[in-house]
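Letter by letter, the chains look like this.
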Amino acid sequence: MTTFSKNDTHFMSLALQIARKGRYGVASNPMVGCVIVKDNEILAKGYHQTFGEAHAEINALAQINHQANGTTLYVSLEPCAHQGKTPPCVQAIIDTGVKKVIIATLDPNPLVNGKGVAILENAGIVVEIGLLEAEARQLNRAFIKRIQTGLPFITCKIAMSLDGKTSMASGESKWITGEAARQDVQKLRAANQAIMTGSGTILADNPSMTLRLDGINNAPLRVVIDGKNQITNTALKIFSSDASTQVFTPTNTQIKSTGKLDLVNVMSQLAVQNINSILLEAGAGLIGAMKAEGLIDEFVIYTAPILMGSNANSMISLPIDTLADKIELNISDIRMLGNDIKITATPK
């Protein structure tokens with residue numbers, strides 16, 4: 001097993017940190033950061049900024065005019081070895097005289113997986129793998145899940161009262177949480193490639209499902225689950241020109257024996273479109289159906305310090321009759337946003 005130094009860890013931590021800067025621009029590509037070092041001095045830093053444009057390694061090498069003789073290059077994901085929208089990064093690394101490459105984790109993409117390492121080693125470059133690998137995989141968990149399973153990573157966002165209610169019996173739900181929480185939701189939307197809801201929410205609230213965040217221009221795909229072909233009014237806000245919209249109905253989606261849309265098929269279709277990540281913002285029924293299919297990877301729950309009472313609607317519809325059948329979650333983060341509590345949790 002390779003032993004990495006304290007300096008190695010510092011430089012890779014920096015590569016992971018700058019990789020996150022690309023979270024709003026890389027679309028279906030992974031977030032990648034790169035740091036170039038010589039004699040423990042940082043010469044250049046770069047990250048993948050925009051889908052279809054230069055990768056992290058190229059952006060870093062450009063800062064030193066592609067003169068990297070005797071350097072060590074730290075990169076959070078295996079350099080690409082194939083011609084895609086940009087040339088292969090491995091060749092640029094070889095041509096510029098890099099001596100050593102330290103990689104956090106291999107790229108699971110079959111076009112790359114291990115091939116980048118092999119090309120670098122065959123060119124005489126020392127390659128070491130596995131520094132801060134868990135952190136690197138967490139950073140690109142959505143990309144990795146789509147590549148390995150053919151399904152996108154699903155985050156379920158819920159805004160609820162302390163007694164677990166998301167709307168009144170009448171459907172009234174604006175606004176449960178405060179401004180700070182609502183602004184955080186916009187950041188969550190921006191970090192996902194698609195926002196998904198059900199036809200019931202569309203008909204009840206006529207939401208725009210668009211991004212309202214200063215300085216961020218990417219527009220997540222709007223996805224609607226419409227098992228009864230109810231969305232026929234093209235004047236609805238989801239059909240505005242602000243973003244693209246895809247409606248899944250019995251005419252374009254597989255149907256289960258229950259007569260319901262096959263949600264796994266929906267997710268598979270979206271993955272084929274290179275959608276890595278989806279933010280689920282829906283009513284209790286669709287959330288429950290997604291959870292029952294095992295499709296929710298993470299919950300982000302904004303909890304307001306209010307009580308809405310027994311007549312209000314619960315956050316999720318799941319037929320659980322005994323405590324033994326309860327669904328347990330692992331809480332990974334809790335923080336205050338104004339007067340509200342933001343809880344991030346994953347199914348056990």
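Before going into details, it helps to say that this report is about the structure given with it. (Residues numbered from 1 in each chain as written. Predicted model: local features only at pLDDT ≥ 70, side-chain atom pairs only at ≥ 80, totals over all residues. Heavy atoms only, no water.)

1. Some details on the layout of surface pockets
Summary: where empty space remains is shown by rolling a probe the size of a single water molecule over the atoms. Considering only enclosed or pocket space, the second largest pocket measures out at about 1200 Å³ in volume. In this structure, the second largest pocket is lined by 41 residues; those nearest its centre are Arg 23, Met 31, Arg 141, Leu 188 and Ala 191. Breaking the lining of the second largest pocket down by element, the ones donating at least two residues are α5 (133–139), α6 (141–149), β6 (153–161), α7 (179–190), β12 (298–304), β14 (329–337) and β15 (340–347). Looking at the lining of the second largest pocket, the element that brings in the most residues is α7, giving four residues. Across the lining of the second largest pocket, the residue classes break down as 17 nonpolar, 14 polar and 10 charged. (1 Å grid on protein atoms, 1.4 Å probe; cavity = no way out; pocket = protein on both sides within 12 Å on 5 of 7 lines; lining within 4 Å. Points joined across faces, edges and corners; volume = space filled by probe spheres on them. Helix = DSSP H or I, 4+ residues; strand = E, 2+ residues; numbered from the N terminus. Nonpolar A, V, L, I, M, F, W, Y, C, P; charged D, E, K, R; others polar.)

2. Section: the sheet that holds strand β9 (residues 221–225)
Here eight strands make up an open sheet; going across it, the order is β10-β9-β8-β11-β6-β12-β15-β14 and the pairing mixed. Taken across any chain shown, the strands that pair with only one partner, and hence form the sheet edges, are β10 (245–248) and β14. Averaged over all pairs of adjacent strands, the angle between their axes in this sheet comes to 20°, without regard to strand direction. Inspection of the sheet shows β9 paired to β10 by four bridges, in the parallel sense. Counterpart to Val 224 in the pairing with β10 is Val 247. (Pairing = 2+ DSSP bridges. Axes fitted to C-alpha atoms, helices over the stretch in contact; angles between N-to-C directions.)

3. Some words on the side chain of Asp 226
Considering the arrangement of structural elements, one finds Asp 226 in the loop between β9 and β10. In this structure Asp 226 is buried but unpaired, with Lys 228 as the nearest side chain of opposite charge at 8.7 Å. Separated by 3.2 Å, the side chain of Asp 226 and the backbone nitrogen of Asn 229 make a polar contact. Every residue in contact with Asp 226, bar those within four places of it in the chain, is listed here: Ser 199, Ile 231, Val 247, Phe 248, Thr 249, Pro 250 and Leu 261. (Buried < 20%, exposed > 50% of the residue type's maximum accessible area, 1.4 Å probe, protein only. Lys, Arg positive; Asp, Glu negative; His and termini not counted. Salt bridge = Lys/Arg side-chain N within 4 Å of Asp/Glu carboxyl O. Polar contact = N/O pair within 3.5 Å; in protein donor to acceptor, adjacent residues only side chain to side chain. Contact = heavy atoms within 4.5 Å.)

4. Let's talk about the pattern of salt bridges
Scanning the model with the defined rule gives 10 salt bridges in all. We note a salt bridge from Asp 297 to Lys 145, for which the minimum N-O separation is 2.8 Å. Taken together, the residues Asp 297 in the loop between α10 (284–292) and β12 and Lys 145 in helix α6 connect sequence positions 152 residues apart. Among the residues examined, Lys 145 registers a relative accessible area of 16% and is labelled buried. Residue Lys 157 pairs with Glu 281 through a salt bridge whose shortest N-O separation is 3.5 Å.

5. A closer look at the environment of Trp 175
Tracing the backbone through its elements, the reader meets Trp 175 in the loop between β7 (165–167) and α7. Taking the relative accessible area as the measure of exposure, Trp 175 reaches 55% and is therefore exposed. As for Trp 175 and Asn 109, which are separated by 66 residues in sequence, their C-alpha atoms are 42 Å apart.

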